[in-house]
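Coordinate analysis (summary)
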Amino acid sequence: MTTQSLKGITWGIVFLLTAVIYGSIPTYLIVRFWVWLNSFPVYTLSLFMLFLWIIAIIIVLIYITAMIRAFIQRKSEDLGVPKGVKGFGLVSTVIMVVFMLIWYFIFNQIAFFSMIPP
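None of the values given here were measured: they were computed from a predicted structure.

About the cut-offs
- Residues numbered from 1 in each chain as written.
- Predicted model: local features only at pLDDT ≥ 70, side-chain atom pairs only at ≥ 80, totals over all residues.
- Heavy atoms only, no water.
- Patch = residues over 30% accessible without salt bridge, like charges linked within 9 Å, V, L, I, M, F, W, Y side chains within 5 Å.
- Areas by Shrake-Rupley, 256 points an atom, 1.4 Å probe, with all protein chains shown as cover.
- Salt bridge = Lys/Arg side-chain N within 4 Å of Asp/Glu carboxyl O.
- Helix = DSSP H or I, 4+ residues; strand = E, 2+ residues; numbered from the N terminus.
- Expected span 1.5 Å × (residues − 1).
- Bend = angle between axes of the 7 residues up to and from the residue.
- Core = buried A, V, L, I, M, F, W, Y, C linked by side-chain atoms within 4.5 Å.
- Buried < 20%, exposed > 50% of the residue type's maximum accessible area, 1.4 Å probe, protein only.
- Contact = heavy atoms within 4.5 Å.

1. Quick notes on a nonpolar patch on the surface
Side chains of Trp36, Leu45, Phe48, Phe51, Leu52, Ile54, Ile55, Ile58 and Ile62 sit close together on the surface and give an oily, nonpolar patch of about 760 Å² of accessible area. Per-element tally for the nonpolar patch: the top contributor is helix H2 (residues 44-72), with eight residues. By the secondary structure assignment, tryptophan 36 is in helix H1 (residues 3-37).

This is the structure we're talking about:
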């Protein structure tokens, strides 16, 4: 395996992890808090959260496409994935993983998935 192939596989794994993070956390939160969001007399908050969830799904689709592209083009010189997608994916994944690890070490709970509606 060449270093270029390893680079493509590594970016593919980063993109997969980013897609999992942006797919699972908002979906869990919107399902878990949906009844609480709809308990308000004005439905603006629930519609806004639904809009953010749709944006998260679009981000997941972008990162699934980038992951497939990184795996397929791993042997070429350029992966064909824009620098902004790489940068946002890497930075946001590192921030979320560090946040979840710190939350686990401090509170002994998994961040976001231990939240309950008020």
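2. Focus on H1
With 35 residues, H1 should cover 51 Å at 1.5 Å per step; its first-to-last C-alpha distance of 49 Å lies within 8% of that length. Where H1 bends most, the angle comes to about 35°, and this point is valine 31.

3. Description of the nonpolar core
Judged by nonpolar contacts, Trp11, Val14, Phe15, Ala19, Val60, Tyr63, Ala66, Met67, Ala70, Leu79, Val81 and Val85 together constitute the single largest core of twelve residues. Only H1 and H2 provide two or more residues apiece to this core. Of all the elements, H2 adds the most residues to this core, at five residues. Dropping the residues within four chain positions of it, valine 14 is found in contact with Gly89, Leu90 and Thr93. Among the nonpolar cores identified, the runner-up in size contains five residues, and Ile21, Ile25, Ala111 and Phe112 belong to it.

4. A few points about unusual backbone geometry
Phi angles above zero are rare outside glycine, and asparagine 108 is one such case at about 60°. By the secondary structure assignment, asparagine 108 is in the segment after helix H3 (83-107). If you check the backbone angles, phenylalanine 112 has positive phi at about 70° while not being a glycine. With respect to the element layout, phenylalanine 112 can be found in the segment after H3. Overall, phenylalanine 112 belongs to the buried group, its relative accessible area being 18%.

Everything listed here is a matter of geometry and, on its own, says nothing about what the molecule does.
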